[in-house]
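# Secondary and tertiary structure notes
Letter by letter, the chains look like this.
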Amino acid sequence: MKLRIRFSKYGALRFIGHLDVMRFFQKAVRRAGIDVAYSTGFSPHQIMSFASPLGLGVESRGDYLDIEVNEPMKIPMNAQEMLERLNAACVEGIEITRIVRLPEKAGNAMASVAAAAYTAQLKPGQSVQLMQTGREESVPEQTFSDFSFLEEIIPAFLAQEQIFITKETKKGVSQMDIRPGIFSLSVQDGVLHLLTDASSAGNIKPYVLLEALLSYAGCPEEKMPPFWSVQFTRLETYTRAEADGALIALGDVGEAF
């Protein structure tokens, strides 16, 4: 039986890497007494896959992993019992919020990812400076402690047919048009909300999009807020519905058990 687990990662644990998160869940599953299935061969391992690795320092309210359990389980339990057992085995900073049973033909979490929703907000004491243009020497025009100023800029930013960023890979430096992968942008109470492509083919990192937006707004490269000054939070991870291709949360693919 294939299961999909939705979890949050926050607080100090936002600074642990993906491999450590994977090891943590392997231990948590064993401690919870879940009859997880193992691969065959000389080095058996738990059958487990994560939807999308989270960058260091980024919090999440909507991350997913898939596991496979033996059926029937040695210790029968429904989704709620499994959720409670897993949370009892977790530490502060990781919380299981939902568990569903997947259809047999469902793709794994990693291969299914199509998009992700994020928020971005300046941490206390941090700010953004915009520069005046049309002068011999640019001087700071205004300093902002949140992203409210972007609200009036976003419509023109999204009206562009192409938005190029510089992307560095092992093969060198290239230009990438990220406009097709920006599904929505908005500002609420000074917090920037982003919905972007998160698939393996067109993944857009939230900080890259923020840099492009701030640059368009008039923030020079040398004044760009560093990554650590902005708190990013992944709210949800999405896939495409088979029926019409609409974005749906990864957890909506399965059903309760």
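As recorded by an unreviewed UniProt entry, the protein chain carries the name TIGR03936 family radical SAM-associated protein and is attributed to Candidatus Eisenbergiella merdavium.

Now for the pattern of salt bridges. When the charged atoms of two side chains lie near each other, side chains of opposite charge can form a pair. Considering all chains together, one arrives at eight salt bridges under this definition. For the salt bridge of E255 with R101, the shortest nitrogen-to-oxygen distance reads 3.5 Å. With E255 in the segment after β13 (247-249) and R101 in strand β4 (residues 94-101), the pair connects residues that are 154 residues apart, well separated along the chain. The network of salt bridges with shared partners includes R14, E59 and R61.

Here the focus is the packing of aromatic side chains. The full count for this structure, using the stated rule, is nine aromatic pairs. An aromatic cluster is present here, built from F7, F24, F25 and F50 joined pairwise through their rings.

Among the secondary structure elements, T237 is positioned in strand β12 (residues 230-240). Taking the C-alpha atoms as reference, T237 lies 6.0 Å from G62; in sequence the two are 175 residues apart. For T237, the contacting residues outside a window of four places in its chain are G62, D63, Y64, V113, A115, A116, I248, A249 and L250. Within polar-contact distance, the side chain of T237 engages the backbone oxygen of G62 at 2.8 Å.

Scanning all chains against the criterion turns up one cavity of 30 Å³ or more. Quantified by volume, the largest cavity comes out at close to 80 Å³. Of all elements in the fold, only β1 (2-9), α1 (18-31) and β3 (59-68) reach the threshold of two or more residues within the lining of the largest cavity. A breakdown of the residues in the lining of the largest cavity according to their chemical character gives six nonpolar, two polar and two charged.

Here the focus is the layout of surface pockets. Of the pockets and cavities examined, the largest pocket occupies roughly 610 Å³. Lining the largest pocket are 26 residues, with P53, N203, I204, K205 and P206 sitting closest to its centre. For the lining of the largest pocket, the class distribution of residues is 16 nonpolar, seven polar and three charged. Space inside the second largest pocket adds up to approximately 280 Å³. Every residue lining the second largest pocket is listed: I163, F164, I165, T166, V208, E211, A212, S215, E221 and M224. Looking at the lining of the second largest pocket, the elements that each hand over two or more residues are β8 (164-169) and α5 (206-217). Per-element accounting of the lining of the second largest pocket gives the leading share, four residues, to α5. Of the residues assigned to the lining of the second largest pocket, the class counts are six nonpolar, two polar and two charged.

A few words now on the side chain of D66. Secondary-structure assignment places D66 in strand β3. With relative accessibility at 8%, the residue D66 sits in the buried group. Polar side-chain contacts of D66 include one of 2.8 Å to the side chain of R4. With near-sequence residues (within four places) excluded, D66 lies in contact with L3, R4, I47, M48, S49, L102, G107, N108 and A109.

Here we come to the nonpolar core. In this structure, F147, F149, L150, I178, L185, L192 and L214 are the most contacted members of the largest nonpolar core, which totals 43 residues. Of all the secondary structure elements, the ones that give two or more residues to this core are β5 (115-122), β6 (128-131), α4 (154-158), β10 (182-188), β11 (191-197), α5 and β12. Broken down by element, this core gets its largest block of residues, seven residues, from α5. Apart from residues no more than four positions distant in its own chain, L150 is found in contact with V187, L192, L213, L214 and A217. One finds F25, V69, M73 and A89 within the second-largest nonpolar core, a separate group that totals 29 residues.

What counts, and where the lines are drawn
Residues numbered from 1 in each chain as written. Predicted model: local features only at pLDDT ≥ 70, side-chain atom pairs only at ≥ 80, totals over all residues. Heavy atoms only, no water. Salt bridge = Lys/Arg side-chain N within 4 Å of Asp/Glu carboxyl O. Helix = DSSP H or I, 4+ residues; strand = E, 2+ residues; numbered from the N terminus. Phe/Tyr/Trp six-rings, centres within 6.5 Å; stacked < 30°, edge-to-face > 60°. Contact = heavy atoms within 4.5 Å. Polar contact = N/O pair within 3.5 Å; in protein donor to acceptor, adjacent residues only side chain to side chain. 1 Å grid on protein atoms, 1.4 Å probe; cavity = no way out; pocket = protein on both sides within 12 Å on 5 of 7 lines; lining within 4 Å. Points joined across faces, edges and corners; volume = space filled by probe spheres on them. Nonpolar A, V, L, I, M, F, W, Y, C, P; charged D, E, K, R; others polar. Buried < 20%, exposed > 50% of the residue type's maximum accessible area, 1.4 Å probe, protein only. Core = buried A, V, L, I, M, F, W, Y, C linked by side-chain atoms within 4.5 Å.

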